[in-house]
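Take a look at the letters that make up each chain.
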Amino acid sequence: MGDYFRYLVTVDCDLTLAALEELFRRSSDQFSIHGEEASPNAGDLLYGSSILGDIEINRPGEEVFDEDLDEQREILDSIEEGTEYVRSVLERVKLMVALQLTEEGHGAYDQIDPLWDLLFENCDGLLQVDDEGFYDSEGVVLALD
């Protein structure tokens, strides 16, 4: 599995780090997000005392949001067919939850995987995993093999 995940929200879904933490605690009360003072939309995702990754919420108009979507479009440009649906989703993204795993996070997929299910249940969208592809709540939408 990749070490960088992007959950691409396609509906109006008011997510903040506090709202994400509350949502993730539905999976386990061991989850917490410790925000960064300098960046209110970024922080560390913890499970107990283990830092699983850096998590942030990006919105349209922010440089990292625009760059990430442009990067995804470039990846799709290198694929010959089957990209129409994902392209249409990229045009409708209203918010992005990005997670970059730490070394500890690489060994914690069992804790992290339910987080995506919670996001699928609460905010329609697609999950993008670097070097793997795009997923919806049912499974693989577009594999990058």
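So, here is what we can say about the structure in this document.

Basis of the calculations
Residues numbered from 1 in each chain as written. Predicted model: local features only at pLDDT ≥ 70, side-chain atom pairs only at ≥ 80, totals over all residues. Heavy atoms only, no water. Disulfide = S-S within 2.5 Å. Helix = DSSP H or I, 4+ residues; strand = E, 2+ residues; numbered from the N terminus. Buried < 20%, exposed > 50% of the residue type's maximum accessible area, 1.4 Å probe, protein only. Expected span 1.5 Å × (residues − 1). Pairing = 2+ DSSP bridges. Axes fitted to C-alpha atoms, helices over the stretch in contact; angles between N-to-C directions. Contact = heavy atoms within 4.5 Å. Core = buried A, V, L, I, M, F, W, Y, C linked by side-chain atoms within 4.5 Å. 1 Å grid on protein atoms, 1.4 Å probe; cavity = no way out; pocket = protein on both sides within 12 Å on 5 of 7 lines; lining within 4 Å. Points joined across faces, edges and corners; volume = space filled by probe spheres on them.

Turning to the state of the cysteines, a few remarks are in order. Here a disulfide denotes one covalent bond, and it connects the sulfur atoms of two cysteines. Evaluation of the coordinates by the stated rule reveals one disulfide. The side chain of C13 participates in a disulfide bridge whose partner is C123; the two sulfur atoms lie 1.7 Å from each other. Taken together, the positions of C13 in the loop between β1 (4–9) and α1 (17–24) and C123 in the loop between α5 (109–122) and β6 (125–129) put the pair 110 residues apart, joining distant regions of the chain. Note on C13: relative accessible area 17%, which makes it buried.

Quick look at α5 now. Side chains of residues three or four places apart in an α-helix project in the same direction, reflecting 3.6 residues per turn. Counted at 1.5 Å a residue, the expected span for α5 with its 14 residues is 20 Å, and the 20 Å between its end C-alpha atoms agrees. Of all the residues in α5, the buried ones are Y109, I112, L115, W116, L118, L119 and F120.

What follows concerns the sheet that holds strand β8 (residues 139–143). Note: strands within a sheet are paired through backbone hydrogen bonds, in either parallel or antiparallel orientation. Strand order in this open sheet of eight strands is β2-β3-β4-β5-β1-β6-β7-β8, and the pairing throughout is antiparallel. Edge positions in the open sheet fall to β2 (31–36) and β8, since each of these has one partner strand only. The average angle at which neighbouring strand axes cross in this sheet is 25°, direction not considered. With six bridges connecting them, β1 and strand β5 (residues 95–101) associate as antiparallel partners. Bridged to Y7 within β5 is V97. With respect to the sheet, α1 is in contact with β2, β3 (39–47), β4 (50–58) and β5, its orientation differing from that of β2 by roughly 170°. On top of the sheet, helix α2 (residues 63–77) reaches β1, β4, β5, β6, β7 (133–136) and β8; it is set at about 100° to β1, its chief contact.

By size, the foremost hydrophobic cluster in this structure holds 31 residues, and its most contacted members are Y7, L15, L20, F24, I55 and W116. Of all elements in the fold, only β1, α1, β2, β4, β5, α5 and β6 reach the threshold of two or more residues within this core. In terms of residue count, α5 provides more of this core than any other element does, seven residues in total. Discounting residues that sit within four places of it in the chain, L20 has contacts with L15, I33, I55, I57, V97 and L119.

Empty space within the largest pocket amounts to approximately 160 Å³. Secondary-structure elements contributing two or more residues to the lining of the largest pocket are α5, β6 and β7. The leading source of residues in the lining of the largest pocket is α5, at four residues.

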